[in-house]
Amino acid sequence: MAFDQGLVDNVDSEETTRGRSFLFFSLGIAAGTALDKPFTLKVPENGLIALNVPLDPLRLGALSTRTTHPFYMARWNELLAALGLQASVDNPYWNKTKGEMVSECSGPANLKSLAPKSLSCSSPSKGRWSKKPQGHCGYCLPCLIRRASLSKGDTTTYGVPDLKAQALDTKTAEGVQARSFQLAFDRLKARPTLAKLLIHKPGPLSDDPARLDELADVYRRGLEEVGKLLHGVKTVPG
């Protein structure tokens, strides 16, 4: 979704990927209209990532995506209705953690063989576009959630294979997300009722008043999963 300066009148060059969520949905809907019948575009994402509650005060606004946030998806369904399209978007796992999605998999054997071939990493220079065999950095936010969900029998190769091998420097990429998760988990453990307030941090949830308790609960359970992974992991300022 990036464009060069001068491509759009009175708009400077755009080098971010903030519009990619809209592009992804648009392509999916465009493909679905070829079915020539009502359809639902399934956008599977675990509840913790879908809510994308900032782990610390520094991750606000444009620093966090909203691709599968309930409010964003509700606006998409409004748009589709306004366009007269018999289509909708839906996240079937909005109330599940990634670990719960894994545990409910109907083919555990297939999951074990296919998981190492999948990709979760959000660090292009260290995993996704790297020629290194591991493919996963092992310490970015998606990698930590992945590791927590696949904790039993995870055969994925990570750039940092053992998070407990040495203290992680919180001033570097290797330790910043781990420490943020630890802080968020400790904060919620001390005050569990905060979950109902924190889920509103990324934006409004007024479209789902009946789901608020479930959203707060999946946020809490998601943090607990990662909290177990990071138990005993040392994070220190460099």
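Whatever comes next refers back to the structure up there.
Residues numbered from 1 in each chain as written. Predicted model: local features only at pLDDT ≥ 70, side-chain atom pairs only at ≥ 80, totals over all residues. Heavy atoms only, no water.

1. Describing helix H7 (residues 141-149)
Rules: Classification of residues uses two cut-offs on accessible area relative to the type maximum, computed with a 1.4 Å probe and protein chains only: under 20% is buried, over 50% is exposed, and between them is partly exposed. Helix and strand assignments come from DSSP, with helices taken as H or I runs of at least 4 residues and strands as E runs of at least 2, each series counted from the N terminus. Contact criterion: two residues are considered in contact whenever any of their non-hydrogen atoms come within 4.5 Å of each other.
Among the 9 residues that make up H7, 8 are buried, leaving the element largely enclosed by the rest of the structure. Of the positions making up H7, those classed as buried are Leu141, Cys143, Leu144, Ile145, Arg146, Arg147, Ala148 and Ser149. Taken together, the buried residues of H7 touch helix H2 (47-51), helix H4 (98-103), helix H8 (173-190) and helix H10 (212-229).

2. Looking at the nonpolar core
Spelled out, the test is: Definition of nonpolar core: a set of buried residues of the types Ala, Val, Leu, Ile, Met, Phe, Trp, Tyr and Cys, connected through side-chain atoms within 4.5 Å.
In this structure, Phe181, Tyr219 and Leu230 are the most contacted members of the largest nonpolar core, which totals 36 residues. Elements that contribute at least two residues to this core include exactly H2, H7, H8, helix H9 (195-198) and H10. Ranked by the residues each element gives to this core, the list is headed by H10, at 7 residues. Leave out the neighbours within four places in its chain, and Tyr219 touches Leu48, Leu51, Val53, Arg187, Leu188, Ala195, Leu198 and Ile199. Ranked by size, the runner-up nonpolar core spans 10 residues in total, among them Ile29, Leu41, Val43 and Val89.

3. A short note on helix H3 (residues 70-82)
This is how it is decided: How far a helix is expected to stretch is found by multiplying one less than its residue total by 1.5 Å.
Look at H3: 19 Å from first C-alpha to last across 13 residues, which is about the 18 Å you get at 1.5 Å a residue. As for H3, its buried residues are in contact with helix H1 (20-32), H2, strand E2 (87-90) and H10. Note on H3: the residue one or two positions beyond its end, Gly84, has a positive phi of about 75°.

4. Points about the packing of H8 against H10
Where we set the bar: Here, axes are lines fitted to C-alpha atoms. For helices the fit covers the stretch in contact, and angles between N-to-C directions go from 0 to 180 degrees. These descriptions rest on fixed angle ranges, namely under 35 degrees for roughly parallel, over 145 for roughly antiparallel, 65 to 115 for roughly perpendicular, and the rest for oblique. Each crossing gets its handedness from the near helix: less than a right angle anticlockwise from the far helix is left-handed, clockwise is right-handed.
It is the contact of H8 with H10, at a shortest axis distance of 9 Å, that shows an interaxial angle of 125°. Between H8 and H10, the angle is such that the two are oblique. Handedness of the H8/H10 crossing: left-handed. Taking contact as the criterion, the partners of Phe181, Ala184, Phe185, Arg187 and Leu188 in H8 are, on H10, Tyr219, Arg220, Leu223, Glu224, Val226 and Gly227.

5. Brief notes about unusual backbone geometry
One non-glycine residue with positive phi stands out, namely Asp36, at about 60°. As for its placement among the helices and strands, Asp36 is situated in the loop between H1 and strand E1 (39-42). Residue classification places Asp36 among the exposed residues on the basis of a relative accessible area of 71%. Of note in this structure, Asn52 is not a glycine but carries a positive phi near 50°. Summarising the element assignment, Asn52 is placed in the loop between H2 and H3.

6. Observations concerning the state of the cysteines
Formally: The rule for a disulfide is simple: a pair of cysteine sulfur atoms within 2.5 Å.
Counted under the stated rule, the structure contains 0 disulfides. Between Cys137, a free cysteine, and Cys121, which holds the nearest cysteine sulfur, the sulfur-to-sulfur gap is 3.6 Å. For Cys137, a relative accessible area of 2% gives the class buried. Counting only cysteine sulfurs, Cys143 is the nearest neighbor of Cys140, a cysteine outside any disulfide, at a range of 3.6 Å. Of the residues examined, Cys140 reaches a relative accessible area of 6% and is grouped as buried.

7. Overview of the pattern of salt bridges
For clarity, the threshold we go by: Here, a salt bridge means any Lys or Arg side-chain nitrogen found within 4 Å of an Asp or Glu carboxyl oxygen.
Inspection of the entire model under this criterion finds 10 salt bridges. In this structure, Glu104 engages Lys96 in a salt bridge whose closest nitrogen and oxygen atoms are separated by 3.1 Å. Residues Arg220 and Glu224 are paired through a salt bridge, measuring 3.0 Å at the closest nitrogen-oxygen approach. Residue Arg220 and its partner Glu224 are located together in helix H10, separated by 4 residues, close to a single helical turn. When salt bridges that share partners are traced, they join Glu100, Asp217, Arg220, Arg221 and Glu224 into one network.

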